[in-house]
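One-letter residues, chain by chain:
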Amino acid sequence: ERHERPFLCYLPFDAPHDPHIVPADFPVHYAPEDIPLPANFLPQHPWNNGEMTVRDEALLPWPRSEAAIRAMLAEYYRYISYLDAQIGRVLDALERSPHAANTYVVFAADSGVARGSHGLIGKQNLYEHSVRVPLIVAGPGVPAGKTTDAMCFLYDVFPTLGARCGVPAPATSEGRDLSPVLRAPATPGRAELMFAYRDVQRALRDERWKLIRYPQVDRTQLFDLAADPDERVNLAERPEHAARVKEMVARLARLMIEHADAASLNVAAPQPAEWTPP
């Protein structure tokens, strides 16, 4: 609609969340046999992560077959291409409007899905493929075509937009203004990030190291993301990393207290980690 006042347009697409509903006449298709498998593909997750049969995880039988994952990815990528086309319509309309030069555009998503990575299908895990999401910002004063390794949470986006537009954040906001990163992409963001899923998974990562703790089955993973971005080599049991694991677990525990997270990183009677598909 035509107007002269400042505006915020929040457009939450369903895509690429399931179910994958794409118009039959949408011309983009991908051949499953041409789709590469994820580098960290596994037929089955090596132990019970606390949420092995929920929703997405029941979409395919165990063990996951390469052909079934490729077919699922081909469908998923077609759905993403359809989403891309709809976003293009929005951007084209903005470009034709008088507001193109002074509007910030942010593209983000709520979570990722495994689609065969680590033997999983859905998002109920704390691996990078599910907690890392797209985040693209464009607008006045934002360098074009640049990327950044600065870490943030999605709830940092809103106070960042507020700061760019002269709208102060509420005093209770835990978000951080990312304007320094937008001006200079080499600027560091958050030093560490904490992740949680129910009472069965907790994780901590910094710019290099990632620790995932599964308290209900007493399992721990440590990944060197610089050398192993696909999280394929668990270093937690190696003696040379024992001090790092201890330090990161302690740091994670402190962050949980800071954020009023009442879950525990240890339980009195852990369940068996081994898991047999239904």
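Just above, that's the structure.
Quick caveat, the model's predicted, so the values are computed rather than measured.

Peer 1: I'd love a proper account of the layout of surface pockets, names of residues and values included.
Peer 2: In this structure, the second largest pocket spans a volume of roughly 1,500 Å³. Of all the elements in the fold, those that place two or more residues in the lining of the second largest pocket are α2 (128–131), β2 (135–138), α3 (157–165), α4 (179–183) and β3 (193–197). It is β3 that provides the largest number of residues to the lining of the second largest pocket, a total of 5 residues. Broken down by class, the residue content of the lining of the second largest pocket amounts to 31 nonpolar, 8 polar and 9 charged.

Peer 1: Residues and numbers for the nonpolar core, please.
Peer 2: Counting 18 residues, the largest nonpolar core has L126, Y127, F195, I212 and Y214 as its most contacted members. Listing elements by their share of this core, those giving two or more residues are β3 and β5 (209–214). Looking at this core element by element, the count peaks at 3 residues for β3.

Peer 1: Kindly report on the packing of aromatic side chains, identifying the contributing residues and their values.
Peer 2: A full pass over the atoms with the stated rule returns 8 aromatic pairs. Through pairs of rings, three or more aromatic residues link up here, namely Y30, Y76 and Y77. Just above the ring of Y76 sits the side chain of R115; from NZ or CZ to the centre is 5.0 Å. Geometry around W209 places R244 over its ring, the cationic atom sitting 3.9 Å from the centre.

Peer 1: Mind laying out a nonpolar patch on the surface, listing which residues take part and the relevant values?
Peer 2: Residues L11, F13 and V90 make up a contiguous nonpolar surface patch of roughly 240 Å² in combined accessible area. Counting through the fold element by element, F13 comes out in the segment before α1 (66–96).

What counts as what
- Residues numbered from 1 in each chain as written.
- Predicted model: local features only at pLDDT ≥ 70, side-chain atom pairs only at ≥ 80, totals over all residues.
- Heavy atoms only, no water.
- 1 Å grid on protein atoms, 1.4 Å probe; cavity = no way out; pocket = protein on both sides within 12 Å on 5 of 7 lines; lining within 4 Å.
- Points joined across faces, edges and corners; volume = space filled by probe spheres on them.
- Helix = DSSP H or I, 4+ residues; strand = E, 2+ residues; numbered from the N terminus.
- Nonpolar A, V, L, I, M, F, W, Y, C, P; charged D, E, K, R; others polar.
- Core = buried A, V, L, I, M, F, W, Y, C linked by side-chain atoms within 4.5 Å.
- Buried < 20%, exposed > 50% of the residue type's maximum accessible area, 1.4 Å probe, protein only.
- Phe/Tyr/Trp six-rings, centres within 6.5 Å; stacked < 30°, edge-to-face > 60°.
- Lys NZ or Arg CZ within 6 Å of the ring centre and 35° of its normal.
- Patch = residues over 30% accessible without salt bridge, like charges linked within 9 Å, V, L, I, M, F, W, Y side chains within 5 Å.
- Areas by Shrake-Rupley, 256 points an atom, 1.4 Å probe, with all protein chains shown as cover.
- Salt bridge = Lys/Arg side-chain N within 4 Å of Asp/Glu carboxyl O.

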